[in-house]
Amino acid sequence: MRMVEIIEQKRDGGELSSEQIDSFVKAYTAGEVPDYQAAALLMAIYFRGMSRRETVDLTMAMARSGDQLDLHDVVPFVVDKHSSGGVGDKTTLVVQPVVAGCGVPVGKMSGRGLGLTFGTLDKLESFPGWSPGLTLEQFKRQLGEIGLVLAGQTADLAPADGKLYALRDVTATVANVSLIAASIMSKKLAAGADAIVLDVKMGKGAFMTTLDEARELARMMVDIGNDAGRKTVALIADMNQPLGHAVGNALEVKEAIATLKGDGPADFWEHCLTVAGHMLVLAGKATNLEEAKKLATEARDDGRALAKFRLMIERQGGSADLVDAPEGFELAKYVEPVFAPRNGYVASIDAGVIGWSCSRLGGGREIKNEPIDHAVGMVIPIKVGDKLDKGDQIGVIHANDPFKLDLAKVELSKAISWSDQPIEPLPHFYDTVT
Ligand code: URA
């Protein structure tokens with residue numbers, strides 16, 4: 001394999017053969033291709049795209065790059081979910097405990113922050129001591145014993161994706177339909193899911209900014225899943241405004257805990273209920289979505305979901321006391337409100353601006369493996385369509401640096417546009433692809 005030739009071919013708009021894709025994935029995983037060549041290829045793919053055949057080849061090569069899990073010795077049926085990523089998207093933190101609370105065991109390998117989105121592992125590391133680093137044996141044992149595991153991608157599972165994911169995060173090569181589809185589906189196939197619910201986000205705070213792109217991504221992933229014999233459903237959800245109120249690692253964890261206690265933002269709970277509902281239907285726990293949502297609501301209301309979450313934190317070494325008393329999470333040095341500059345209806349809240357702003361506050365990474373600041377971010381309690389008076393609070397910034405605080409205040413104000421006329425609230429979901 002000549003790496004320069006592969007890069008050149010894709011740069012010039014050519015189609016890569018199955019052998020070329022397979023050789024690249026094998027060599028990069030083995031450390032035989034340097035990051036600068038892999039980054040050049042990713043950028044060429046970003047601009048030139050991949051055919052459906054190339055995308056399937058990339059997915060399968062990445063899924064084969066490590067172990068292929070079989071969890072059926074521990075659980076009879078494996079149902080999993082994955083989000084394509086969004087601002088304030090803390091869905092996994094609520095959905096997995098709710099589904100586990102309904103008696104369906106869920107073990108998920110989650111990721112770190114990517115671009116303008118924050119990752120489940122980074123969020124959970126806000127719990128001092130909590131570790132995502134489980135061996136496959138530990139993963140299986142915990143899944144069998146308590147029915148809930150949220151772990152990092154082990155070095156043995158789709159390691160090619162693990163390496164490419166970290167490289168894409170810092171080379172502005174995330175937002176490509178084929179790269180996202182291959183990244184998500186390689187992990188899900190390797191992790192042995194029998195059924196998969198894909199939560200595809202569309203809007204300014206997502207990697208897919210139009211409905212057409214989101215549909216293309218959803219269709220591609222559903223086809224890959226079904227071709228591989230896994231029951232796959234994709235939901236297309238709105239991401240033009242942040243999901244829920246909190247954006248930032250510990251802030252999102254606190255909001256997830258509040259939601260598990262029945263106190264979360266309505267839009268976020270509605271989102272979780274729908275994702276959890278589809279998982280319960282696929283797992284055979286309910287015959288339709290309405291029945292599944294009822295089961296999920298009961299598991300939240302009687303505390304089963306919260307108890308699962310607490311147990312998972314404890315088993316993975318985290319300070320579970322913080323689940324009971326989340327005010328104990330370390331606060332940022334500066335916690336300052338921002339106010340509405342005028343009377344009016346909220347016409348838009350640019351989730352992209354908010355996501356990047358929270359990343360610059362220190363919540364995300366600029367270079368690979370950089371440490372992040374768990375305490376920083378924003379809490380924005382308003383939604384598109386709300387009517388506000390001048391001086392009402394539009395958000396609270398949590399910062400550890402006075403200059404970054406000032407910048408974030410300006411960015412939050414600029415992210416919001418206003419109207420004198422009433423504005424329709426945004427929908428939660430646009431479509432379901434089966
Ligand atoms: N989530 C992933 O796992 N991979 C992507 O590329 C985007 C979101």
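Parameters at a glance
Residues numbered from 1 in each chain as written. Predicted model: local features only at pLDDT ≥ 70, side-chain atom pairs only at ≥ 80, totals over all residues. Heavy atoms only, no water. Helix = DSSP H or I, 4+ residues; strand = E, 2+ residues; numbered from the N terminus. Polar contact = N/O pair within 3.5 Å; in protein donor to acceptor, adjacent residues only side chain to side chain. Pairing = 2+ DSSP bridges. Axes fitted to C-alpha atoms, helices over the stretch in contact; angles between N-to-C directions. Contact = heavy atoms within 4.5 Å. Parallel < 35°, antiparallel > 145°, perpendicular 65-115°, else oblique. Left-handed = near helix turned anticlockwise from the far one by under 90°. Nonpolar A, V, L, I, M, F, W, Y, C, P; charged D, E, K, R; others polar. 1 Å grid on protein atoms, 1.4 Å probe; cavity = no way out; pocket = protein on both sides within 12 Å on 5 of 7 lines; lining within 4 Å. Points joined across faces, edges and corners; volume = space filled by probe spheres on them. Domains from an automatic or database assignment. Buried area = accessible area lost by both parts, 1.4 Å probe. Salt bridge = Lys/Arg side-chain N within 4 Å of Asp/Glu carboxyl O. Near = heavy atom within 4 Å. Areas by Shrake-Rupley, 256 points an atom, 1.4 Å probe, with all protein chains shown as cover. Sits in = over half its atoms within 2 Å of the grid points.

Enquirer: Explain the environment of Gln142 to me, please; I cannot follow it from the model alone.
Expert: When you line up the elements, Gln142 lands in helix H7 (residues 136–146). For the pair Gln142 and Gln316, spaced 174 residues apart in the sequence, the C-alpha separation amounts to 9.2 Å. Looking at Gln142, its side chain comes within polar contact range of the side chain of Gln316, at 2.9 Å.

Enquirer: Is there a simple way to explain the sheet that holds strand S1 (residues 79–83) in this structure?
Expert: An order of S1-S4-S5-S13 is seen for the four strands of this open sheet, with the pairing classed as mixed. Where the open sheet ends on each side, the last strands, each with one partner, are S1 and strand S13 (429–433). With strand direction ignored, the average angle separating the axes of adjacent strands in the sheet is 15 degrees. With four bridges connecting them, strand S5 (residues 231–238) and S13 associate as antiparallel partners. Across the sheet, residue Ile236 finds its bridge partner in S13, namely Asp431. Against the sheet, helix H10 (residues 211–227) engages strand S4 (195–202), S5 and S13, with an angle of about 165 degrees to S5. Contacts from helix H12 (residues 266–282) reach S1, S4, S5 and S13 within the one sheet, and its direction differs from that of S4 by about 155 degrees.

Enquirer: What is the right way to look at the packing of helix H4 (residues 52–63) against H10 in this model?
Expert: Two numbers describe a pair of packed helices, the interaxial angle and the distance between the axes. Relative orientation of the contacting elements H4 and H10 amounts to 60 degrees, with a least axis distance of 11 Å. Taken as axis vectors, H4 and H10 run oblique relative to one another. In this structure, the crossing between H4 and H10 has a hand that is right-handed. Where H4 abuts H10, its residues Arg52, Thr55, Val56 and Thr59 lie against Met220, Asp223, Ile224 and Asp227. Taken together, the residues of the contact of H4 with H10 sort by class into three nonpolar, two polar and three charged.

Enquirer: When you look at the layout of surface pockets in this model, what are you seeing that I'm missing?
Expert: Over the atoms, a rolling probe the size of a water molecule traces out where space has been left empty. Each pocket or cavity is described by its volume, and for the largest pocket that value is around 500 Å³. As for the largest pocket, its lining consists of 23 residues, and the residues nearest its centre are Arg112, Gly162, Tyr165, Ala166 and Asn369. Among the elements that take part in the lining of the largest pocket, helix H8 (residues 159–169) stands out by supplying six residues, more than any other. Its residues placed into classes, the lining of the largest pocket shows nine nonpolar, nine polar and five charged. For the lining of the largest pocket, the domains that each give at least three residues are domain 2 (79–324) and domain 3 (331–419). The calculated volume of the second largest pocket comes to roughly 300 Å³. In terms of lining residues, the second largest pocket is bounded by 17 residues, among which Gly115, Leu116, Asp169, Ala172 and Trp356 are the most central.

Enquirer: So what exactly am I meant to see when it comes to the sheet that holds strand S7 (residues 334–339) here?
Expert: With antiparallel pairing, four strands are arranged side by side in an open sheet as S6-S9-S11-S7. For this open sheet the edge positions go to strand S6 (246–247) and S7, each flanked by a neighbour on one side alone. Note: S7 against strand S11 (residues 393–399), six bridges, orientation antiparallel. Residue Pro337 lies in a different strand from S11, and its bridge partner there is Val396. Packing against the sheet, helix H16 (residues 351–363) makes contact with S6, strand S9 (377–379) and S11, and its axis sits at approximately 130 degrees to S9.

Enquirer: What's the story with the domain arrangement of the chain in this structure? I'm lost.
Expert: In terms of domain boundaries, the chain breaks down into domain 1 (3–49), domain 2 (79–324) and domain 3 (331–419). On a C-alpha basis, the centroid separation for the pair domain 2 and domain 3 is 24 Å. In total, about 2100 Å² of surface goes out of reach between domain 2 and domain 3, with carbon and sulfur atoms giving 61% of it. The three residues of domain 2 that bury the most area against domain 3 are Gln241, His245 and Leu251, which together make up 25% of that side's buried surface. Along the contact surface separating domain 2 from domain 3 lie two salt bridges. Close ionic contact of Asp267 with Lys383 constitutes a salt bridge, the shortest N to O distance being 3.0 Å. Viewed at the interface, domain 3 and domain 2 are joined by 12 residue pairs in polar contact (both at pLDDT 80 or more). Mapped onto the side of domain 2 that touches domain 3, the elements with two or more residues apiece are H8, S6 and helix H11 (249–260). Per-element tally for the side of domain 2 that touches domain 3: the top contributor is H11, with four residues. Here the residues of the side of domain 2 that touches domain 3 sort into 13 nonpolar, 10 polar and seven charged.

Enquirer: Can you walk me through the site of the ligand in this structure?
Expert: Surveying the vicinity of the ligand reveals the residues His82, Ser83, Ser84, Leu114, Tyr165, Arg168, Ile180, Ser183, Ile184 and Lys187. At a separation of 2.8 Å, an oxygen atom of the ligand approaches a polar side-chain atom of Arg168. Note that an oxygen atom of the ligand is positioned 2.5 Å from one of the side-chain N or O atoms of Lys187. Relative to its free-state accessible area of 240 Å², the ligand is covered by the protein chains to the extent of 96%. Mapping the ligand onto the cavity grids shows that it belongs to the largest cavity. The dominant element in the shell around the ligand, judged by the number of residues it contributes, is helix H9 (residues 177–190), at four residues. Taken together, the residues that form the shell around the ligand break down as four nonpolar, four polar and two charged.

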